[in-house]
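These are the residues of each chain, in order.
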Protein chains: 4
Amino acid sequence: MKKLKIAIAGLGRIGKIHLKNLAGHSQVELAGVMDIDANSKIYAEELGIGFFTGNFDDLIGIPGLDAVAICSPTDTHAEFVTRAAMAGKQVFCEKPLDLSLKRVKEVLRTLEETKVKCMLGFNRRFDPEFRKIRELVSEGAVGDPQVIKITSRDPGPPPVSYIRSSGGIFLDMTIHDFDMARYISGKQVKEVFSRGATLVDAEIGKAGDLDTAITTLIFEDNTMAVIDNCRKAVYGYDQRLEVFGSKGMLMADNKFKDYYRLYGDSAVTGSLPMNFFMDRYAESYMIEINSFVKSVVDGTEMPVDGNDGLQSLVIGLAAKKSTFENRLVKISEIHL
Amino acid sequence: MKKLKIAIAGLGRIGKIHLKNLAGHSQVELAGVMDIDANSKIYAEELGIGFFTGNFDDLIGIPGLDAVAICSPTDTHAEFVTRAAMAGKQVFCEKPLDLSLKRVKEVLRTLEETKVKCMLGFNRRFDPEFRKIRELVSEGAVGDPQVIKITSRDPGPPPVSYIRSSGGIFLDMTIHDFDMARYISGKQVKEVFSRGATLVDAEIGKAGDLDTAITTLIFEDNTMAVIDNCRKAVYGYDQRLEVFGSKGMLMADNKFKDYYRLYGDSAVTGSLPMNFFMDRYAESYMIEINSFVKSVVDGTEMPVDGNDGLQSLVIGLAAKKSTFENRLVKISEIHL
Amino acid sequence: MKKLKIAIAGLGRIGKIHLKNLAGHSQVELAGVMDIDANSKIYAEELGIGFFTGNFDDLIGIPGLDAVAICSPTDTHAEFVTRAAMAGKQVFCEKPLDLSLKRVKEVLRTLEETKVKCMLGFNRRFDPEFRKIRELVSEGAVGDPQVIKITSRDPGPPPVSYIRSSGGIFLDMTIHDFDMARYISGKQVKEVFSRGATLVDAEIGKAGDLDTAITTLIFEDNTMAVIDNCRKAVYGYDQRLEVFGSKGMLMADNKFKDYYRLYGDSAVTGSLPMNFFMDRYAESYMIEINSFVKSVVDGTEMPVDGNDGLQSLVIGLAAKKSTFENRLVKISEIHL
Amino acid sequence: MKKLKIAIAGLGRIGKIHLKNLAGHSQVELAGVMDIDANSKIYAEELGIGFFTGNFDDLIGIPGLDAVAICSPTDTHAEFVTRAAMAGKQVFCEKPLDLSLKRVKEVLRTLEETKVKCMLGFNRRFDPEFRKIRELVSEGAVGDPQVIKITSRDPGPPPVSYIRSSGGIFLDMTIHDFDMARYISGKQVKEVFSRGATLVDAEIGKAGDLDTAITTLIFEDNTMAVIDNCRKAVYGYDQRLEVFGSKGMLMADNKFKDYYRLYGDSAVTGSLPMNFFMDRYAESYMIEINSFVKSVVDGTEMPVDGNDGLQSLVIGLAAKKSTFENRLVKISEIHL
């Protein structure tokens, strides 16, 4: 069987995860790596990858290349996806495509014209717990879903320098939850109310962002989702999901470091939830990239695509507007 | 020791709970019962209570009466509290004092002028689980509380006829959660955003009410509470509470009928949460009325008073306005 | 309706529980109390009981008395049950009837001759959790039960003086678990292997007893039960039950003081199991005495009777013999 | 860095796990595979392993070979370990070394004489949950351990043909639990009482074996362990551990397929424990073989060695004798 020739652009934290997972895939040949940091070359060589470059066009110019995984900084995504599409390479791209709605639409247009498929890296959709919830919801386990509740808190905030260029909490963090709400419900959002505050670190506020937020999403059929976010939960990475419907409720709890219980003389104690997103979502990254490979090999639709990115971006912009104007915002106000 | 002479007005579901709990109280002498239903007389007699009347003034006219518990329909509360206060009897009154803000304020004025204390029946404050949460929050277990999450769903909706005169979901049902948010946080609410829908029963909508709602409360210091309500949860009475703060999170889960686990050949199963509010909150009613007795005997402040009722009513009116106008409402818009 | 006239002999810890529960029973008239401690008289008077005596015959001589609850020290049980039976009074007796097998058999003979029914106070059979387990087992939820596992640990040992006259851990403590094994399985035990140790307090060993023990019971059909006991669990009163069978497993966990969870910066913590048997088994005592009243009123068989006490005593003697001789003991070795 | 050259003898279920894990190890060069089934050659080739043989001596004759992993059938273990030791190759061997005590001792003598180290495949020691329990016990979290409780039930029995040559339930299945009891306690067993039955399948009884057993182990200091086994638990692979001590209790629960909870209209349901040992213990196999590689590379002692295998075999033989003779058996009765 012919192997799929894949290259990776960007060897940061996420790029390395994908590189490692692709390296272990029996149907994949890792054809090359692009990164601007020369140290990444050593990393790639240790994994037996011969081709290394600092130039994206060189990367997609590798003879016989089938696909490229774009894991470089956000501000390169739109440009790289466009170039890969023009070159006819199938694309996996980390979220978001871009923080500008206009730019995202241009990229989607290019993808359409070139008939290149682009999978967007909303990895949580591939988490086995959340997939199970979705599967059960689809099978009607809770009847008609009425309220989706998402708790999504980080163990600690990123550096303020990062926050400044992140697009803010809704485009950087909550966007995963917007996608999850869409994934679980299978519905379009029509209205958004978000309320945020700066309760963790005043510096985040000075950088123009919020660190705590409650968002209510109203779907087209008036069912709702409610999301609570915080940049800092001292007890770890808090990632929970509830779906309440006419026939019942589904709950996905956090994943914990350990599951032991210690009964002492003053309390029962147990381990905290996993602290790091790469531990918590390790399986999701593996399943995600395998899904991409499978979609390319089989020539089927991508499980998450650019349009999913666009929809969540629009919700994020509405949420942002909602907090600035302290009012409910209709999605129709965002669409150009 | 001299016993406290207490009479009860209204022998409906709640009146009977209080009657039974007062009957077992060693410091209380049940002096009489008022009800418009003659069958209640038999009920009272079986408990050895000699005095029965259909007239409130006769009830509070019992010689030597110290206090009265008002458990009659909502539209009698303001009138009865006023008369009891004028007669110098200490009052326990089921919530709400009244659905009209103006009327509540009049009653509070009367209470102030007569120096009579009135305890309001927000029974959930006396639930041992929620009290434990509050105690731990007060001790700083979660640091500064940032987000309070309340899940409050009924096992099934009341008759539409009841809903019509109930004041609507926010004044009838969520008002308990508004009080809980105030009780746990110890803070004043400044803004409210509620979004509701009619997803359970279209008849509820025709009656001008909602059956599902998500409410965001913003406290004076920008910390928040989020409440989700539904009139119908097929799995029982869903009453949960979370407090998230700078140093951790506290969770109070539901109380279940049983706690066994059955490992079968296709699933692990367990019992549902308790279904009926009188089972779920049985202890809270007992502790509540004992607290009332203790406050009267000791001459101390009531643990929940008319002003607490007023505050929650105002929040409820703001929530109602928020859903009608589909916008965030400031509490200052409600105060006359 | 005529009320059942019941008297109580012995107002220690357990006597007071039964007194309080009977006092609140609508079908019961508390006719009198016997105790050798004059302070108990005050206690009885406060509950409005007019008749107080230090003499058992006076107690059962109360005109029109229907039944007597014997809660006096163990060494009076056989004598009092016998006298009550001779006087034709229905009997509730705290376990055990006696520590001597011969004496127990004599009492059973008397009960048979006098046609008086005697309910034995194995209160745990009336615990709602354990009842639910038994009900589910009876309905076939686990198929054919194969292994019953009982964990039964006290929060702390009784005084060594008490231990000395208690009959030892198997007759004093494990006897409840022997009864539970019989109750859940509905089968007779044929062989016993117990192994004990003195790991908590050497003084207990000097008093001729053990404080830690593992017991394997083999039922007539070769299915088994395993019981582990300890006189001291620092985390509270550990009372768990598992039933493993051909179609599944049932587990009853401990009951906890509170069910909150606190997620802090180093661990998740929660409250310990209830510490005191009177808290843990409060409901069981209530249901137990109600069952006794109901059996007397209805004239039906007692739910636990003297023969149940005899069977558990025999198992206890076999367990004791097993530890002394460090070998498996057949029940047939114990029967005279 | 020079890689460790390792070969694998036997490509059955377990052999394939080790092969896959070793293939992903950056410090290992997979030098060759031995198996009597020619199909295994294809399997090995797909993983890029060039050397394949049906002969063990050829395997260990690979030039520069450092170590060999023996995953062939039990009756070849002793012979292969001996030959590998004579050839100076470090050995990883699946448990047991042999079912004959005499033969095991001979192998241990050879290992001692050749100074070759042999790690024995008690994989459960490397399960993260159990390691965490041991670590906490070592740190004194429960004080002095008094009772260890192990529940170990298979989802279903192996074929009767396998059972016939397995050495019986104690040498085939419980031996893992004997090792776990030794691992957690760090103590020697002095006495054993086992009681078994054939409750799952009469054919197992006809094959001379038991399918259900309760075992009490008594350690040298009179503390105890109790193990319950069954060849068939319809709800999956039941692997639990409790350690009860003077300062508390530690519990390790099963690992489940999923952790969601579904609240329906009649029950709360969740997924069953993992069903297959290779899923449940996947991590343990990975950590186990990594530990072997590390010990060989570092030249340190093996974390589990032949003597551990000997000790558990002796306990297993005592357990077997105990069931045959229906009595407690001293370990000293087993030592030649």
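Keep in mind that what you see is a predicted model, and the values were worked out from it rather than measured.

Conventions we followed
Residues numbered from 1 in each chain as written. Chains lettered and ligands numbered in written order. Predicted model: local features only at pLDDT ≥ 70, side-chain atom pairs only at ≥ 80, totals over all residues. Heavy atoms only, no water. Helix = DSSP H or I, 4+ residues; strand = E, 2+ residues; numbered from the N terminus. Rg over C-alpha atoms; globule rule 2.2 N^0.38 Å. Buried < 20%, exposed > 50% of the residue type's maximum accessible area, 1.4 Å probe, protein only. Areas by Shrake-Rupley, 256 points an atom, 1.4 Å probe, with all protein chains shown as cover. Contact = heavy atoms within 4.5 Å. Buried area = accessible area lost by both parts, 1.4 Å probe. Salt bridge = Lys/Arg side-chain N within 4 Å of Asp/Glu carboxyl O. Phe/Tyr/Trp six-rings, centres within 6.5 Å; stacked < 30°, edge-to-face > 60°. Lys NZ or Arg CZ within 6 Å of the ring centre and 35° of its normal. Least-squares fit on C-alpha atoms with pLDDT ≥ 70 in both. Pairing = 2+ DSSP bridges. Expected span 1.5 Å × (residues − 1). Polar contact = N/O pair within 3.5 Å; in protein donor to acceptor, adjacent residues only side chain to side chain. Nonpolar A, V, L, I, M, F, W, Y, C, P; charged D, E, K, R; others polar. Lys, Arg positive; Asp, Glu negative; His and termini not counted. pLDDT = per-residue confidence, 0-100. Axes fitted to C-alpha atoms, helices over the stretch in contact; angles between N-to-C directions. Left-handed = near helix turned anticlockwise from the far one by under 90°. Disulfide = S-S within 2.5 Å. Parallel < 35°, antiparallel > 145°, perpendicular 65-115°, else oblique.

**A few points about the overall build of chain A**
The number of helices and strands found in chain A is twelve helices and 15 strands. A compact globule built from 336 residues should have a C-alpha radius of gyration of about 20 Å, and chain A, at 20 Å, falls within 12% of that. Principal-axis analysis of the C-alpha atoms places the extent of chain A at approximately 60 × 55 × 45 Å. For chain A, buried positions account for 62% of its 336 residues. A total of about 12,500 Å² of accessible surface is found on chain A, and carbon and sulfur atoms cover 50% of it.

**With respect to the interface of chain B and chain A**
With 40 residues of chain B at the interface, the matching set in chain A holds 40 residues. In this assembly, chain B packs against chain A so that about 3,100 Å² is buried in total across both faces, 65% of it on carbon and sulfur atoms. For the pair chain B and chain A, the interface holds six salt bridges. In this structure, Glu-191 of chain B and Arg-195 of chain A form a salt bridge, with 3.0 Å as the shortest nitrogen-oxygen distance.

**Looking at the packing of aromatic side chains**
By the definition in use, this model includes 44 aromatic pairs over all chains. Relative to Phe-80 of chain B, the ring of Phe-56 of chain B lies with its centre 4.1 Å away and its plane at 0°, an arrangement referred to as stacked. Here Phe-56 of chain B is found in helix 3 (residues 56–60), whereas its partner Phe-80 of chain B is found in helix 4 (residues 74–86), with 24 residues between them in sequence. Across this residue pair, the class does not change: Phe-56 of chain B and Phe-80 of chain B are buried. Ring pairing ties together the aromatic residues Tyr-235, Phe-256 and Tyr-259 of chain A, Phe-244 and Tyr-263 of chain B, Phe-244 and Tyr-263 of chain C together with Tyr-235, Phe-256 and Tyr-259 of chain D, which thus form one cluster. For the cation-ring pair, Arg-280 of chain C lies above Tyr-281 of chain C, with the distance from its terminal atom to the ring centre recorded as 4.4 Å.

**Looking at the relation of the copies chain D and chain C**
Rotating chain D by 180° and moving it 0.0 Å along the rotation axis overlays it on chain C with an RMSD of 0.0 Å. The symmetry that links the two subunits is that of a two-fold axis. Rotation axis and chain D: the residue whose C-alpha lies nearest the axis is Arg-327 of chain D, separated from it by 2.9 Å. Mapped onto chain C, 100% of the interface residues of chain D are again interface residues, and the two copies thus contact each other with one and the same surface.

**Looking at the sheet that holds strand 6 (residues 118–120) of chain C**
All names here are of chain C. Reading across from one edge, 3-2-1-4-5-6 is the order of the six strands in this open sheet, with parallel pairing throughout. Each edge of the open sheet is held by one strand with a lone partner, namely strand 3 (52–53) and strand 6. Alignment of strand 4 (residues 67–70) against strand 5 (residues 90–93), held across four bridges, turns out to be parallel. By the bridge assignment, Ile-70 is partnered in strand 5 with Cys-93.

**Some words on helix 11 (residues 282–298) of chain B**
All names here are of chain B. Taking 1.5 Å per residue, 17 residues should reach 24 Å; helix 11 reaches 25 Å between its end C-alpha atoms and fits that length. Along helix 11, the residues that are buried comprise Ser-284, Tyr-285, Glu-288, Ile-289, Ser-291, Phe-292, Val-293, Ser-295 and Val-296. At the exit of helix 11 stands Gly-299, carrying a positive phi of roughly 70°.

**Comments concerning the interface of chain D and chain C**
Listed per partner, the contact involves 40 residues of chain D and 40 residues of chain C. Interface area, chain D with chain C, both sides summed: about 3,100 Å², of which 65% is carbon and sulfur. The interface formed by chain D and chain C contains six salt bridges. The interface formed by chain D and chain C contains twelve residue pairs in polar contact (both at pLDDT 80 or more). Among the elements that take part in the side of chain D that touches chain C, strand 8 (residues 189–197) of chain D stands out by supplying six residues, more than any other. Classifying every residue of the side of chain D that touches chain C gives 17 nonpolar, ten polar and 13 charged.

**Topic: the pairing of strand 8 of chain D**
Residue and element names in this part refer to chain D. Counting buried residues in strand 8 gives eight out of nine residues, a clear majority hidden from the surface. In this structure, strand 8 lies alongside strand 15 (residues 329–330), joined through two bridges in antiparallel fashion. Bridged to Glu-191 within strand 15 is Lys-330.

**Some words on the pattern of salt bridges**
As enumerated under the stated definition, the model contains 114 salt bridges over all chains in all. Linking Arg-103 of chain D and Glu-106 of chain D is a salt bridge whose minimum nitrogen-to-oxygen distance equals 3.1 Å. Of this pair, Arg-103 of chain D and Glu-106 of chain D both sit in helix 5 (residues 101–114), separated by three residues, roughly a single helical turn. What makes Arg-103 of chain D partly exposed here is its relative accessible area of 25%. It is possible to trace a salt-bridge network through shared partners that takes in Asp-57, Glu-79, Arg-83, Lys-102, Arg-103 and Glu-106 of chain A.

**Quick notes on the relation of the copies chain B and chain A**
Screw-axis analysis of chain B against chain A gives a translation of 0.0 Å along the axis, an RMSD of 0.0 Å, and a rotation angle of 180°. Taken as a fraction of all interface residues of chain B, those also at the interface in chain A reach 100%, which identifies the copy contact as same-surface.

**So, the environment of Leu-262 of chain D**
Summarising the element assignment, Leu-262 of chain D is placed in strand 13 (residues 261–263). What makes Leu-262 of chain D buried here is its relative accessible area of 14%. Beyond its immediate chain neighbours, meaning those up to four positions away, Leu-262 of chain D contacts Ala-141, Val-142, Met-249 and Leu-250 of chain A together with Ala-267, Val-268 and Thr-269 of chain D.

**A look at the sheet that holds strand 1 (residues 4–9) of chain A**
Residues and elements named next belong to chain A. Strand order in the open sheet formed by six strands is 3-2-1-4-5-6, and the pairing between neighbours is parallel. Across the chains shown, the open sheet's two edge strands, defined by having one partner strand only, are strand 3 (52–53) and strand 6 (118–120). Relative to strand 2 (residues 28–34), strand 1 is paired through six bridges, and the arrangement is parallel. Following the sheet pairing, Ile-8 is matched in strand 2 by Val-33.

**So, the side chain of Asp-35 of chain C**
Residue and element names in this part refer to chain C. With respect to the secondary-structure elements, Asp-35 resides in the loop between strand 2 (28–34) and helix 2 (39–46). Lacking a salt bridge, the buried Asp-35 has Lys-16 as its closest oppositely charged neighbour, with an N-O distance of 8.1 Å. There is a polar contact of 2.6 Å between the side chain of Asp-35 and the backbone nitrogen of Leu-11. From its side chain, Asp-35 meets the backbone nitrogen of Asp-37 in a polar contact 2.8 Å long. Excluding anything up to four places from it in sequence, Asp-35 contacts Gly-10, Leu-11, Gly-12, Ser-40, Phe-52, Thr-53 and Gly-54.

**What to know about the confidence of the model for chain A**
Chain-level pLDDT for chain A is 96 on average; 99% of the residues reach the 70-or-more range. In the model output, the complex is listed with pTM 0.95 alongside ipTM 0.94.

**Structural notes on the environment of Asp-308 of chain C**
All names here are of chain C. When you line up the elements, Asp-308 lands in helix 12 (residues 306–325). Once the C-alpha coordinates of Asp-308 and Gly-270 are considered, the two residues, 38 residues apart in sequence, prove to be 38 Å apart. Look past the residues within four positions of Asp-308 in its chain and what remains in contact with it is Phe-122, Arg-125, Asp-179, Arg-182 and Pro-303. From its side chain, Asp-308 meets the backbone nitrogen of Asp-305 in a polar contact 2.9 Å long.

**Quick look at the packing of helix 1 (residues 13–23) of chain B against helix 11 of chain B**
Residues and elements named next belong to chain B. For the pair helix 1 and helix 11, interaxial distance at closest approach is 10 Å and the crossing angle is 65°. Where helix 1 crosses over helix 11, the handedness of that crossing is right-handed. In contact with Ile-14, Ile-17, His-18, Asn-21 and Leu-22 of helix 1, helix 11 contributes Tyr-285, Met-286, Glu-288, Ile-289 and Val-293. Tallied by class, residues from the contact of helix 1 with helix 11 come to seven nonpolar, two polar and one charged.

**Notes on the state of the cysteines**
Inspection of the entire model under this criterion finds zero disulfides over all chains. Cys-93 of chain D carries a free sulfur, and the closest cysteine sulfur to it, the one in Cys-118 of chain D, is 5.5 Å from it.

**So, the packing of helix 5 of chain D against helix 12 (residues 306–325) of chain D**
Axes are the key here: two packed helices are described by the angle between their axes and the distance separating the axes. Residues and elements named next belong to chain D. Closest axis-to-axis distance for the helix 5/helix 12 pair is 10 Å, and the angle between their directions is 170°. One element, helix 5, and the other, helix 12, form an angle in the roughly antiparallel class. Where helix 5 approaches helix 12, its residues Leu-101, Val-104, Lys-105 and Leu-108 are matched on the opposing element by Gly-306, Asn-307, Leu-310, Leu-313, Val-314 and Leu-317.

**Observations concerning the pairing of strand 11 (residues 238–245) of chain C**
Residue and element names in this part refer to chain C. Burial runs high along strand 11: eight of the eight residues are buried. Alternating residues of strand 11 divide into Asp-238, Arg-240, Glu-242 and Phe-244 and Gln-239, Leu-241, Val-243 and Gly-245, and every residue in both groups is buried. Note: strand 7 (residues 145–153) against strand 11, eight bridges, orientation antiparallel. What sits directly across from Pro-145, in strand 11, is Gly-245. Alignment of strand 11 against strand 12 (residues 248–252), held across five bridges, turns out to be antiparallel. Bridge pairing in strand 12 links Leu-241 to Ala-252. Hairpin remark: strand 11 followed by strand 12, antiparallel, with two residues in the connecting loop.

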